[in-house]
Amino acid sequence: MPILPLTSPASYANHNLPGTPVSVSNRVPLMFRRLHRFQQMDFELAFWQLSYLCLAPKRVYRNVYYHKQTKNTWARDDPAILILLFASLFVAAVAWSIVYSYSLLQAMRLAFVMILRDYLLVGVLSATLLWFFANRVLVSPSSHSSPTDSSVEWAYAFDVHTNAFFPLYLTLYLAQLFLLPVVLKENWVCLLVGNTLYLAGQVLEFAQYIYGVYLGLSALPFLIRSEILLAPLLPLFASYVVSLLGFHVAKHALSVYFGS
């Protein structure tokens, strides 16, 4: 069974038959295999997608249908958006390193943490959970089409993570940086601002990384009951209200993240 699953759990029995070996390279999503092909990347389209993920995310997912018709896959195969996210996280790491007076080595370490752990590792785990949950719970039982038309690709689940991550990046990695002098002050108004910022970040992680996940998976015509994905929003909002009683989420999160 490959490390990064590409098909539904039920389809593995058909793909792993004796005499039909799968190369290691084919187990890695096409987008990752093309990371070194800069000349073939469409950065203009990637910029357009990142912009509309904040302004009108439904337009991005409408584009998925055209990709399916032309490439016969729901997942994007152009890694340009990954390069832009890597560059954005690197810039954020440099900015935070300046604020915390990090050395060059510490700044490089922070950049690797943001890119490898915050985005890629969390993305792999999130995509795997989404892939498994969608194929086990959300696939319509009446689907009788080809495997690519009736199961969620792991690469597409990672796309959903990528699309949801960018608004989160703008909120927690950039907006919080500029609001840092306000967020860290010891009064209720600043607590309200800091906690609201984290609620916004989590709603961009859970309502644009749940609403985003919801949009991404509901865009697939063979999935049903995708509204289930919106369920965590209620306890999230309830925890935000409770935090206003005195728990400074932003201050504690920054203390854990930067160790100060």
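Not measured: the values here are computed from a predicted model. (Residues numbered from 1 in each chain as written. Predicted model: local features only at pLDDT ≥ 70, side-chain atom pairs only at ≥ 80, totals over all residues. Heavy atoms only, no water.)

With respect to the overall build of the protein
Then, in step 1: Scanning the protein for helices and strands turns up 14 helices and zero strands.
Then, in step 2: In the protein, the succession of α and β elements from N to C terminus is α-α-α-α-α-α-α-α-α-α-α-α-α-α.
Then, in step 3: Looking at the protein as a whole, 46% of its 260 residues qualify as buried.
Then, in step 4: In the protein, the share of contacts with a sequence separation of at least 24, taken over all contacts with a separation of at least 6, comes to 77%.
Then, in step 5: Accessible area for the protein stands at about 13700 Å²; split by element, carbon and sulfur atoms hold 69% of it. (Helix = DSSP H or I, 4+ residues; strand = E, 2+ residues; numbered from the N terminus. Buried < 20%, exposed > 50% of the residue type's maximum accessible area, 1.4 Å probe, protein only. Contact = heavy atoms within 4.5 Å. Areas by Shrake-Rupley, 256 points an atom, 1.4 Å probe, with all protein chains shown as cover.)

Thoughts on the nonpolar core
Then, in step 1: Ranked by size, the top nonpolar core spans 58 residues in total, and within it Trp96, Tyr119, Tyr156 and Leu217 carry the most contacts.
Then, in step 2: Of all the secondary-structure elements, those providing two or more residues to this core are helix H4 (43-55), helix H5 (57-71), helix H6 (80-99), helix H7 (104-138), helix H9 (154-178), helix H12 (211-218) and helix H14 (249-258).
Then, in step 3: Ranked by residue count, the leading element in this core is H9, at 13 residues.
Then, in step 4: The contact partners of leucine 217, leaving out residues within four places of it in the chain, are Leu130, Ala134, Leu138, Val152, Tyr156, Leu223 and Leu229. (Core = buried A, V, L, I, M, F, W, Y, C linked by side-chain atoms within 4.5 Å.)

Overview of the pattern of salt bridges
Then, in step 1: Overall, the coordinates contain four salt bridges when judged by the stated rule.
Then, in step 2: Between aspartate 77 and arginine 34 there is a salt bridge, and its shortest N-O distance comes to 3.4 Å. Placement of the pair is aspartate 77 in the loop between H5 and H6 and arginine 34 in the loop between helix H3 (30-33) and H4, with a sequence separation of 43 residues.
Then, in step 3: In this structure aspartate 77 comes out as buried when scored by relative accessible area, which is 11%.
Then, in step 4: Among the residues examined, arginine 34 registers a relative accessible area of 25% and is labelled partly exposed.
Then, in step 5: For lysine 71, the salt bridge goes to aspartate 77, with nearest N and O atoms at 3.1 Å.
Then, in step 6: What makes lysine 71 partly exposed here is its relative accessible area of 45%.
Then, in step 7: What emerges from the salt-bridge pattern is a single network uniting Arg34, Lys71 and Asp77. (Salt bridge = Lys/Arg side-chain N within 4 Å of Asp/Glu carboxyl O.)

Things to note about the packing of aromatic side chains
Then, in step 1: Going through the model one piece at a time under the given rule, you end up with 16 aromatic pairs.
Then, in step 2: Three or more aromatic residues joined by ring pairs make a cluster, and in this case those are Phe32, Phe86, Tyr119, Trp154, Phe158, Phe165, Phe166, Tyr169 and Tyr173. (Phe/Tyr/Trp six-rings, centres within 6.5 Å; stacked < 30°, edge-to-face > 60°.)

Side note on the confidence of the model for the protein
The predicted structure's coordinates, where accompanied by low pLDDT, should not be read in detail.
Then, in step 1: Residues at a pLDDT of 70 or more form 72% of the protein, whose mean pLDDT is 78.
Then, in step 2: Considering each helix and strand of the protein separately, the mean pLDDT is smallest for helix H1 (residues 12-15), with a value of 42, and largest for H6, with 95.
Then, in step 3: Per-residue pLDDT stays below 50 along residues 1-20; that stretch engages in 35 contacts with residues further than four places along the chain or on separate chains. (pLDDT = per-residue confidence, 0-100.)

Some details on the side chain of glutamine 49
Then, in step 1: Counting through the fold element by element, glutamine 49 comes out in helix H4.
Then, in step 2: Among residues more than four places away in sequence, those in contact with glutamine 49 are Val60, Asn63, Arg76 and Ile81.

Considering the environment of phenylalanine 132
Then, in step 1: Within the element layout of this structure, phenylalanine 132 appears in helix H7.
Then, in step 2: In the structure, phenylalanine 132 is positioned 20 residues away from valine 152 in sequence and 8.6 Å away in space, judged by C-alpha atoms.

Brief notes about H12
Then, in step 1: Counted residue by residue, H12 has six buried out of eight residues, so it is predominantly covered.
Then, in step 2: Three or more residues of H12 are buried, namely Gly212, Val213, Tyr214, Leu215, Gly216 and Leu217.
Then, in step 3: Elements that come into contact with the buried residues of H12 comprise H5, H7 and H9.

A look at unusual backbone geometry
Then, in step 1: Positioned with a positive phi, asparagine 72 is a non-glycine residue whose angle comes to about 60 degrees.
Then, in step 2: Within the secondary structure, asparagine 72 sits in the loop between H5 and H6.

Comments concerning the side chain of serine 97
Then, in step 1: Here serine 97 shows up in helix H6.
Then, in step 2: Serine 97 gets classed as buried once you look at its relative accessible area, which sits at 4%.
Then, in step 3: Excluding residues within four positions of it along the chain, serine 97 makes contact with Tyr102, Ala107 and Leu110.

Observations regarding the packing of H6 against H7
Then, in step 1: Where H6 meets H7, the axes come as close as 8 Å, and the angle between the chain directions of the two elements is 135 degrees. When the axes of H6 and H7 are compared, the pair comes out oblique. Once H6 is placed against H7, the crossing between them reads as right-handed. Residues Leu82, Leu85, Phe86, Leu89, Phe90, Ala92, Ala93, Trp96 and Ser97 of H6 form the contact with H7, whose participating residues are Ala107, Met108, Leu110, Ala111, Met114, Ile115, Tyr119 and Leu120.
Then, in step 2: Residues that form the contact of H6 with H7 fall into these classes: 16 nonpolar, one polar and no charged. (Axes fitted to C-alpha atoms, helices over the stretch in contact; angles between N-to-C directions. Parallel < 35°, antiparallel > 145°, perpendicular 65-115°, else oblique. Left-handed = near helix turned anticlockwise from the far one by under 90°. Nonpolar A, V, L, I, M, F, W, Y, C, P; charged D, E, K, R; others polar.)

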